[in-house]
Amino acid sequence: MPIQYELILFGLMLAGVALFHKRALAVSLTGLALILAYEATVTAFPTGRGMDALLLHAQHEWVIVTNLLLLLVGFELLASHFERSNVSDHLPCHLPTGWTGGLTLLGIIFVLSGFLDNIAAAVLGGVMARHLYKGRVSVGFLAAIVASANAGGAGSVIGDTTTTIMWLNGVSPVTVLPAYLASAAAFAVFAPLGAMAQERFEPSCADQPCDKPLHWRRIWIVSAILASAVAGNIFANILSDGEDTAPWLGLALWGALLLTSPLARVDWSGAKPALKGALFLVALVLSASLMPVRALPEPSWQSAFGLGLLSSVFDNIPLTVLALEQGGYDWALLAYAVGFGGSMVWFGSSAGVALTNDYPEGRSVTQWLKEGWFVPVAYLTGFAVMLALTGWNPS
């Protein structure tokens, strides 16, 4: 096999992001520019040579890219509405004391992600954690929040971009539902360990009452926006013919945001950092889509396990598309692998990128792996449990 220098450039870009996480956006944009320049002058784009081929590739990717931009910025603005509603201030009064309070919070995030996008679940979870722990949230608990969001979305076709892509391509929602067996087993590992580590880092204030009044107008606005996003996602996928023709989820979210803005002022100050995080993720997604990966290994549980490990650094969207084109995978096991596997590194999933917009200290790969060591252990546990209970069921 000839040396694929695009993969080397992509690897160097990921290494640069890990080493210079405070300059992650500049590193990712530079890496994308170098990959584009190399394929334009030396090799070829995935769709061929020349500007026409590049435009064709952009036509393939624009829906996913635009959706990510709209969702990451939109959910950050939604989180501001949620925080200013004071719901997160009242949450500690209703949670158990001690580490079980953090465990309950992770469970809430897990459930939310099943019917919301995992980005929304992670961002809202970050807001709730900030109030539960008085603003001192450990990097290990950030990893647990992202893991909860990704695990909760793995078995739902509206809970994660990868499962939504499967649904678009004809995979039944019932087919991916068994992924929750693996997610539940993984949750049983990382959630208690993450909650106990956070309790040692900063005890929760679950026993302290709150005297701030609830802002019901913002609560209803948050509910309406989330309902619009879920409805937009469902109707777009039901009406589609195996192809996502527009970023319907992002458009539904922003439509609801703008329509409700006269009722309560939107805090636009959060849009700038969210946009930087969104551009970083888009650069990673586009760079991954340009890689000369034409096929995956033969479908097997071993290859599905490997794809889950790979998704921690290589965007899981093109991996999922290649798997669908190849066929023969156990879609529930693959949904868990590529969905939850991205939790092992902060930039391995859109939920991790979204959460670290609010918690930039989480962008240290070394700290993420050191404090969130239980996430890889949970990935292995969940995969092994599901394989033992259901076996390998290719479709």
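Structure first, text after, so check above.
None of these values were measured; they are calculated from a predicted model.

1. A look at the overall build of the protein
Along the protein, the regular secondary structure elements total 19 helices and 0 strands. Each principal axis of the C-alpha distribution contributes one length, and for the protein these read about 65 × 50 × 45 Å. Expressed as a percentage of its 395 residues, the buried residues of the protein come to 57%. For the protein, the share of sequence-separated contacts (at least 6 apart) that also reach a separation of at least 24 residues comes to 83%. Carbon and sulfur atoms make up 67% of the accessible area of the protein, which amounts to about 16,100 Å² in all. Separation of charge centres in the protein, based on 17 positive and 24 negative side chains, amounts to 13 Å.

2. Description of empty space enclosed by the protein
Evaluation of the coordinates by the stated rule reveals 3 cavities of 30 Å³ or more. Each pocket or cavity is described by its volume, and for the largest cavity that value is around 120 Å³. Taken together, 15 residues make up the lining of the largest cavity; nearest its centre are Thr161, Asn316, Ile317, Ser349 and Ser350. Secondary structure elements with two or more residues in the lining of the largest cavity: helix 8 (161–168), helix 13 (271–289) and helix 15 (316–326). Among the residues making up the lining of the largest cavity, the classes are represented as 4 nonpolar, 9 polar and 2 charged.

3. Side note on the packing of helix 8 against helix 15
Where helix 8 meets helix 15, the closest approach of the two axes is 9 Å, and the angle between their N-to-C directions is 25 degrees. By the angle between their directions, the pair helix 8 and helix 15 is classed as roughly parallel. Here helix 8 runs over helix 15; the crossing is right-handed. Contacts between helix 8 and helix 15 involve Thr161, Thr162, Ile165 and Met166 from the former and Asn316, Ile317, Thr320, Val321 and Leu324 from the latter. Partitioned by chemical class, the residues of the contact of helix 8 with helix 15 number 5 nonpolar, 4 polar and no charged.

4. A word on the packing of aromatic side chains
Tallied over the entire structure, the rule returns 20 aromatic pairs. Taking 5.5 Å as the distance between ring centres and 10 degrees as the angle between the ring planes, the aromatic pair formed by tyrosine 336 and phenylalanine 340 counts as stacked. Here phenylalanine 340 and tyrosine 336 lie together in helix 16 (residues 331–340), a separation of 4 residues that amounts to about one turn. A relative accessible area of 0% places phenylalanine 340 in the buried class. Each ring, one from tyrosine 379 and one from phenylalanine 383, has its centre 6.2 Å from the other, and the planes form 45 degrees; the classification is tilted. Here phenylalanine 383 and tyrosine 379 lie together in helix 19 (residues 374–390), a separation of 4 residues that amounts to about one turn. Every member of this aromatic cluster is reached through a ring pair, and the members are Phe110, Tyr180, Phe187, Phe190, Trp301, Phe305, Tyr336, Phe340, Tyr379 and Phe383. Arginine 136 extends its terminal NZ or CZ atom over the ring of phenylalanine 201, reaching a point 4.5 Å from the ring centre.

5. A look at the layout of surface pockets
There is about 1,200 Å³ of room inside the largest pocket. If you trace the largest pocket, you find 45 residues lining it, with His60, Glu61, Ile64, Ile317 and Val321 closest to the centre. Residue assignment for the lining of the largest pocket shows that the elements contributing at least two residues are helix 3 (50–84), helix 8, helix 11 (216–239), helix 12 (248–260), helix 13 and helix 15. Sorting elements by how many residues they give to the lining of the largest pocket places helix 3 first, with 10 residues. Residues of the lining of the largest pocket, tallied by class, amount to 23 nonpolar, 14 polar and 8 charged.

6. Concerning the packing of helix 3 against helix 17 (residues 350–358)
For the pair helix 3 and helix 17, interaxial distance at closest approach is 11 Å and the crossing angle is 40 degrees. Comparing the axis directions of helix 3 and helix 17 gives the class oblique. Pair helix 3 / helix 17 crosses with right-handed handedness. Across the interface between the two elements, Leu68, Leu72 and Glu76 from helix 3 touch Ser350, Val353, Ala354 and Asp358 from helix 17. Counted by class, the contact of helix 3 with helix 17 contains 4 nonpolar, 1 polar and 2 charged residues.

7. Side note on the nonpolar core
Counting 126 residues, the largest nonpolar core has Phe190, Trp331, Leu334, Phe340, Trp346 and Phe347 as its most contacted members. The element that contributes the greatest number of residues to this core is helix 3, accounting for 12 residues. What leucine 334 contacts, discounting residues up to four positions off in sequence, is Met166, Ala304, Leu307, Ala323, Tyr329 and Gly339.

8. A closer look at the pattern of salt bridges
Tallied over the entire structure, the rule returns 3 salt bridges. A salt bridge links glutamate 83 to arginine 130; the shortest N-O distance between them is 3.0 Å. You can see glutamate 83 sitting in helix 3 and its partner arginine 130 sitting in helix 6 (residues 118–132), a full 47 residues away along the chain. Residue arginine 130 is classed as partly exposed on the basis of its relative accessible area of 23%. Between arginine 136 and glutamate 202 there is a salt bridge, with its nearest N and O atoms 2.7 Å apart. In this pair, arginine 136 is assigned in the loop between helix 6 and helix 7 (139–153) and glutamate 202 in the loop between helix 10 (179–201) and helix 11, connecting sequence segments 66 residues apart. Accessibility expressed as a relative area gives 39% for arginine 136, which makes it partly exposed.

9. Brief notes about a nonpolar patch on the surface
Residues Tyr5, Ile8 and Leu12 make up a contiguous nonpolar surface patch of roughly 300 Å² in combined accessible area. Note that tyrosine 5 resides in helix 1 (residues 5–19). Under the relative-accessibility criterion, tyrosine 5 is labelled partly exposed at 42%.

Conventions adopted
- Residues numbered from 1 in each chain as written.
- Predicted model: local features only at pLDDT ≥ 70, side-chain atom pairs only at ≥ 80, totals over all residues.
- Heavy atoms only, no water.
- Helix = DSSP H or I, 4+ residues; strand = E, 2+ residues; numbered from the N terminus.
- Buried < 20%, exposed > 50% of the residue type's maximum accessible area, 1.4 Å probe, protein only.
- Contact = heavy atoms within 4.5 Å.
- Areas by Shrake-Rupley, 256 points an atom, 1.4 Å probe, with all protein chains shown as cover.
- Lys, Arg positive; Asp, Glu negative; His and termini not counted.
- Charge placed at Lys NZ, Arg CZ, Asp CG, Glu CD.
- 1 Å grid on protein atoms, 1.4 Å probe; cavity = no way out; pocket = protein on both sides within 12 Å on 5 of 7 lines; lining within 4 Å.
- Points joined across faces, edges and corners; volume = space filled by probe spheres on them.
- Nonpolar A, V, L, I, M, F, W, Y, C, P; charged D, E, K, R; others polar.
- Axes fitted to C-alpha atoms, helices over the stretch in contact; angles between N-to-C directions.
- Parallel < 35°, antiparallel > 145°, perpendicular 65-115°, else oblique.
- Left-handed = near helix turned anticlockwise from the far one by under 90°.
- Phe/Tyr/Trp six-rings, centres within 6.5 Å; stacked < 30°, edge-to-face > 60°.
- Lys NZ or Arg CZ within 6 Å of the ring centre and 35° of its normal.
- Core = buried A, V, L, I, M, F, W, Y, C linked by side-chain atoms within 4.5 Å.
- Salt bridge = Lys/Arg side-chain N within 4 Å of Asp/Glu carboxyl O.
- Patch = residues over 30% accessible without salt bridge, like charges linked within 9 Å, V, L, I, M, F, W, Y side chains within 5 Å.

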